[in-house]
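Spelled out, the chains give:
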Amino acid sequence: MRFLSYLLLVMMAEVVLTKEGVIAGGDNTLNNSGTTANIRQLQLPEFTDPVIIVGGGLAGLSATLEAIHDGANVVLVEGEKDLGGNSQKASSGIAACNTEAQRVRQIHDSSELFYSDTMSAGDRENDHILVDQLVRHSPTAVQFLIDHGVNLSDINLCGGHSVKRVHWIPQPKEGKPVAVGVSIIKALKEKLRMHEKDNPEKVVSCKYRILVKI
């Protein structure tokens with residue numbers, strides 16, 4: 001409850017939670033001991049508890065965007081000074097079957113074949129339930145990224161796959177290669193900033209132990 005009180009004050013008074021745990025916003029403060037100064041002056045409206053998402057990598061950013069789309073208020077917690085996590089270090093593509101990009105290129109693939117390839121690549125020691133989830137949700141996952149501005153129109157045949165199904169960002173013929181992970185995170189962060197600009201009350205990012213708006 002105390003954290004939610006902090007969050008409410010941040011949203012309403014545009015305050016900052018410092019590493020010392022002190023909220024400061026104009027003349028309104030709340031310190032570690034729980035004492036208040038001039039807090040009663042704030043006119044606090046009805047408050048709905050936010051969705052709290054821990055981690056600002058690909059999964060966390062995707063969950064945040066989905067939650068906002070569904071109308072939720074979101075607190076995104078990230079331990080580093082910037083969003084992205086290890087996802088922005090990814091150098092490969094994203095495997096998916098039955099995608100629009102495959103259909104355009106007339107690549108014949110199926111959920112059954114993707115499942116079989118993945119199980120075989122793991123010497124059939126994979127968790128079959130997780131592999132099934134990966135396969136069944138792969139086309140919607142790729143489409144989600146495309147809908148959020150990630151160009152995954154290039155498809156390659158990679159190790160462990162019997163057909164072309166690894167979706168990549170098209171690479172330039174000359175010059176520096178495009179980093180897949182960095183490009184994906186950049187696109188999702190831009191979408192998040194657009195949401196923050198249009199609906200500043202919807203998203204608060206907690207990075208580096210400092211509660212700040214994106």
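Residues numbered from 1 in each chain as written. Predicted model: local features only at pLDDT ≥ 70, side-chain atom pairs only at ≥ 80, totals over all residues. Heavy atoms only, no water.

To keep it simple, the criterion reads: UniProt positions are given in the numbering used here, feature names are shortened, and annotations may be inferred rather than shown by experiment.
An unreviewed UniProt entry annotates the protein chain as FAD_binding_2 domain-containing protein of Brugia timori. Under Cofactor (unreviewed entry), UniProt gives the following word-for-word description of the protein chain: "FAD".

### Comments concerning the overall build of the protein chain
Test applied: Helical segments are the DSSP runs of H or I of at least four residues, strand segments are the runs of E of at least two, and each set is numbered from the N terminus. Think of it in three bands: residues with accessible area under 20% of the maximum for their type are buried, residues over 50% are exposed, and the middle band is partly exposed, with areas taken using a 1.4 Å probe on protein chains only. The contact definition used throughout considers only heavy atoms, calling two residues in contact when any of these lie within 4.5 Å. Only the protein chains shown count as covering a residue, and every accessible area follows the Shrake-Rupley method with a 1.4 Å probe.
Assigned secondary structure in the protein chain consists of 6 helices and 11 strands. Every one of the 214 residues in the protein chain was classed for burial, and the buried ones make up 37%. The contacts in the protein chain between residues at least 6 apart in sequence include a share of 57% that link residues at least 24 apart. Of the roughly 12,600 Å² of accessible surface on the protein chain, a fraction of 53% belongs to carbon and sulfur atoms.

### Overview of the pattern of salt bridges
How we decide: Criterion for a salt bridge: a side-chain nitrogen of Lys or Arg within 4 Å of a carboxyl oxygen of Asp or Glu.
Scanning all chains against the criterion turns up 5 salt bridges. The salt bridge partner of E100 is R103, with a shortest N-O separation of 3.4 Å. Note that E100 and R103 are positioned in helix α3 (residues 100-104) at a spacing of 3 residues, about one turn of the helix. Taking relative accessible area as the criterion, E100 reaches 44% and is therefore assigned partly exposed.

### A short note on the sheet that holds strand β9 (residues 166-168)
So the rule is basically this: The rule for pairing is simple: two strands pair if DSSP sees at least two bridges between them.
One open sheet holds the 3 strands; their spatial order is β7-β9-β8, and the pairing between them is antiparallel. With one partner strand each, in any of the chains shown, β7 (94-95) and β8 (154-156) form the two edges of the open sheet. As judged from the 2 bridges shared by β7 and β9, these two strands associate in the antiparallel manner. Bridged to A95 within β9 is V166.

### Comments concerning the pairing of strand β6 (residues 74-78)
What counts, and what does not: A right-handed crossover is one whose linking path, passing over the helix from the first strand to the second, runs clockwise when the strands point away from the viewer.
With 4 of 5 residues buried, β6 is to be regarded as a mostly interior element. Both strand β5 (residues 51-54) and β6 contribute to a ladder of 4 bridges, which runs parallel. By the bridge assignment, V54 is partnered in β6 with V77. Note on the crossover from β5 through helix α2 (residues 58-69) to β6: the handedness is right-handed.

### Here's the deal with the side chain of Q102
Rule in force here: Here a polar contact means two N or O atoms within 3.5 Å. Within protein one must be a hydrogen donor candidate and the other an acceptor candidate, and residues neighboring in sequence count only if both atoms are side-chain atoms.
Within the element layout of this structure, Q102 appears in helix α3. Classification of Q102 by relative accessible area gives buried; the value is 1%. A distance of 3.0 Å separates polar atoms of two side chains, one belonging to Q102 and the other to D109. Not counting residues within four places of it along the chain, the set of residues in contact with Q102 comprises A96, C97, I107, D109, I155, K164, R165 and H167.

### Focus on unusual backbone geometry
In most cases, non-glycine residues show a negative phi, while peptide bonds are predominantly trans. Although it is not a glycine, Q106 sits at a positive phi angle of roughly 55°. If you trace the backbone, Q106 turns up in the loop between α3 and α4 (111-121). Judged by its relative accessible area of 64%, Q106 falls in the exposed class.

### Remarks on the nonpolar core
We apply this condition: Buried residues of nine kinds, namely Ala, Val, Leu, Ile, Met, Phe, Trp, Tyr and Cys, make up a nonpolar core once their side-chain atoms join them within 4.5 Å. Those domain boundaries reflect an automatic or database domain assignment.
L61, L145, V150, L188 and L192 are the most contacted members of the largest nonpolar core, which totals 25 residues. If you list the elements that add at least two residues to this core, you get α2, β6, α5 (128-147), β9 and α6 (180-198). Examining the composition of this core, we find that 6 residues originate from one element, α6, more than from any other. Here this core spans two domains, and each of domain 1 (1-18 + 49-88 + 179-213) and domain 2 (92-178) adds at least three residues to it. Those residues in contact with L61 that lie beyond four places of it in its chain are G55, G56, L76, L83, I185, L188, K189 and L192. Counting residues in each nonpolar core, the second largest holds 5 residues, with C97, F114, M119 and V135 among its members.

### Structural notes on the confidence of the model for the protein chain
Operational definition: The pLDDT value expresses, per residue, how confident the predictor is, ranging between 0 and 100.
Looking at the protein chain, pLDDT values average 77 and 72% of them are 70 or higher. The lowest-confidence element of the protein chain is strand β1 (residues 16-17), averaging 32 in pLDDT; the highest-confidence one is α4, averaging 96. Confidence drops under pLDDT 50 across residues 1-47; counting only partners more than four residues distant or on other chains, this segment forms 75 contacts.

### Some points on the environment of L83
Looking at the secondary structure, you find L83 in the loop between β6 and β7. Linking L83 and G56, residues 27 residues apart in sequence, is a C-alpha distance of 5.0 Å.

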